[in-house]
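Results of the structural survey
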Amino acid sequence: GVIVALNVIGLINVFSATHGHGEVIGSDRLFWSQLFWLFSGWAVYFVVTIVDYNLIVRMAWVIYAINLIALIAVMFVGKVALGAQRWLDFGFFSYQPSETMKIALVLVLAKSMSQRSYPDGLGLKELLFPLVILIGVPFLITAEQPDLGTAMMLFVIGCSVLFFLRIKRKILIAVGIVFALGGIGAWFFALHDYQRDRIYTFLDPDRDPRGKGYNSIQSKIAVGSGKVFGKGFRKGTQSQLEFLPERHTDFIFSVLSEEHGFIGSMTTVGLFAALFVFGIGIAQKARDKVGAIVVVGVVATLFWHQFINISMVIGLLPIVGIPLPLVSYGGSNMLTTMAALGLVSSVSYRKHMF
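Everything numeric in this text was worked out from a predicted model, so none of it was measured.

Conventions adopted
- Residues numbered from 1 in each chain as written.
- Predicted model: local features only at pLDDT ≥ 70, side-chain atom pairs only at ≥ 80, totals over all residues.
- Heavy atoms only, no water.
- Helix = DSSP H or I, 4+ residues; strand = E, 2+ residues; numbered from the N terminus.
- Rg over C-alpha atoms; globule rule 2.2 N^0.38 Å.
- Buried < 20%, exposed > 50% of the residue type's maximum accessible area, 1.4 Å probe, protein only.
- Contact = heavy atoms within 4.5 Å.
- Phe/Tyr/Trp six-rings, centres within 6.5 Å; stacked < 30°, edge-to-face > 60°.
- Axes fitted to C-alpha atoms, helices over the stretch in contact; angles between N-to-C directions.
- Parallel < 35°, antiparallel > 145°, perpendicular 65-115°, else oblique.
- Left-handed = near helix turned anticlockwise from the far one by under 90°.
- Nonpolar A, V, L, I, M, F, W, Y, C, P; charged D, E, K, R; others polar.
- Salt bridge = Lys/Arg side-chain N within 4 Å of Asp/Glu carboxyl O.

Considering the overall build of the protein
Looking only at helices and strands, one finds 14 helices and 3 strands in the protein. Taking 2.2 N^0.38 as the reference for a compact globule, 354 residues should give roughly 20 Å; the C-alpha atoms of the protein span a radius of gyration of 20 Å, in line with that estimate. Judged by the C-alpha coordinates and their principal axes, the protein covers about 60 × 50 × 40 Å. Across the 354 residues in the protein, those meeting the buried criterion constitute 54%. Within the protein, residue pairs in contact and separated by at least 24 positions form 72% of the contacts whose partners lie at least 6 positions apart.

And the structure:
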């Protein structure tokens, strides 16, 4: 019921975002395409629910390897759009391997980390392989596309699973120091100019209001102008007059806030919160450790997507290309999200089976 409610909210706002007064040719296609991916996603959800999640976890290494090969293929034959090379073009569908890598990473971590117990927490020896290889390799490949937002998502999803398994305190402090120093080094030697500009713009959007700060400013205007009850369906000026960029994907929450106000925004956030609470409850009642890890990984994936996307559009985090799950337009993201939720459903479905 919660998933359906979020799907409906997504469809309403995708329709509004793609049918503005400055309507372009093909806007109908975007809405119907989203509807197609939604029904396809539900088909995937029920198929994954029916299949025992342990069978899927047994194939984790194969799934991870296929996704890794697809990520590498993107570097050579990937489709370029909006200045980034992130998609494999199959004609009728553009596939983004970094999206499916998120669930592949959860599966491979669940398989590799569930085979042993760590009563005292994970030490340096136990962290090296999952952190440097399983998480680090797809992180570096995705960041090179360049898609630092999705690369960071892979990193925080993987780390969330490792935190769930517990990390020794002294190791946690040491790793924190290493990443802090690494972040300083990345600022000077690894980040592209446009990525540094995003951080500068986050700190001071008014430094270039018609250029690099435009997206952030227009998004905050849209969110704030919705006030308590919103301006009404398809009555938002920022979205309908096309001041708001990427309004059907990354900035869909801005459309929602402008047209449905604080009430609509908090209803959506509340539905996500309910989804996370249900997920945590399922993890607690899972029949085995691998099932609990899978559910925690999926919940972490959805939580970080929702948290980063909403924080981004209201100005609390820098602008990154992170969609709002179940709400934003996108085929790869919809199918991946529904498959991930199907895994949660599969774990819940079998919690009393012995």
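Things to note about the environment of P245
Inspection of the secondary structure puts P245 in the loop between helix 11 (237-240) and helix 12 (252-284). When the C-alpha atoms of P245 and N7 are compared, they prove to be 22 Å apart, with 238 residues separating the residues in sequence. Setting aside anything within four residues of it in sequence, one finds P245 in contact with Y214, N215 and F251.

Remarks on the packing of aromatic side chains
Scanning the entire structure with this criterion turns up 14 aromatic pairs. Ring centres of F139 and F155 lie 6.1 Å apart, and the angle between their planes is 55°; on these two criteria the pair is classed as tilted. Note that F139 is positioned in helix 6 (residues 124-143) and F155 in helix 7 (residues 148-164), a separation of 16 residues in sequence. Feature note: the residues F272, F276, F303, W304 and F307 constitute an aromatic cluster, connected by ring pairs.

Examining the packing of helix 7 against helix 13 (residues 289-313)
In the contact formed by helix 7 and helix 13, the axes pass within 9 Å of each other and the chain directions differ by 140°. Here helix 13 runs oblique to helix 7, going by the angle between their axes. Relative to helix 13, helix 7 is oriented so that their crossing is right-handed. The residues of helix 13 that touch helix 7, namely those facing M153, V156, I157, S160, V161 and F164, are A292, I293, V296, G297, A300, T301, W304, H305 and I308. Of the residues in the contact of helix 7 with helix 13, the class split is 11 nonpolar, 4 polar and no charged.

Considering the packing of helix 5 (residues 97-113) against helix 6
Geometry of a packed helix pair, given as the angle between the helix axes and the separation of the axes. At a closest axis distance of 11 Å, the pairing of helix 5 and helix 6 adopts a crossing angle of 170°. In terms of orientation, helix 5 lies roughly antiparallel with respect to helix 6. Residues S98, M101, L105, V108, L109, S112 and M113 of helix 5 pack against E126, P130, L134, I135, P138 and T142 of helix 6.

Observations regarding the pattern of salt bridges
Across all of its chains, the model carries 5 salt bridges by this definition. The residue E258 makes a salt bridge to K231 at a minimum N-O spacing of 3.3 Å. Here E258, found in helix 12, pairs with K231, found in the loop between helix 10 (214-225) and helix 11; they are 27 residues apart in sequence, far enough to count as distant. In this structure E258 comes out as buried when scored by relative accessible area, which is 0%.

Side note on the side chain of S16
As for its placement among the helices and strands, S16 is situated in helix 1 (residues 2-17). What makes S16 buried here is its relative accessible area of 1%.

Some thoughts on unusual backbone geometry
The phi dihedral of E242 falls on the positive side, at around 65°, and the residue is not glycine. Within the fold, E242 resides in the loop between helix 11 and helix 12. A residue is classified by how much of its surface remains accessible, and E242, at 33% relative accessible area, is partly exposed. Even without glycine at this site, L326 takes up a positive phi of about 70°. With respect to the element layout, L326 can be found in the loop between helix 13 and helix 14 (331-349). Look at L326 and you get buried, because its relative accessible area is 2%.

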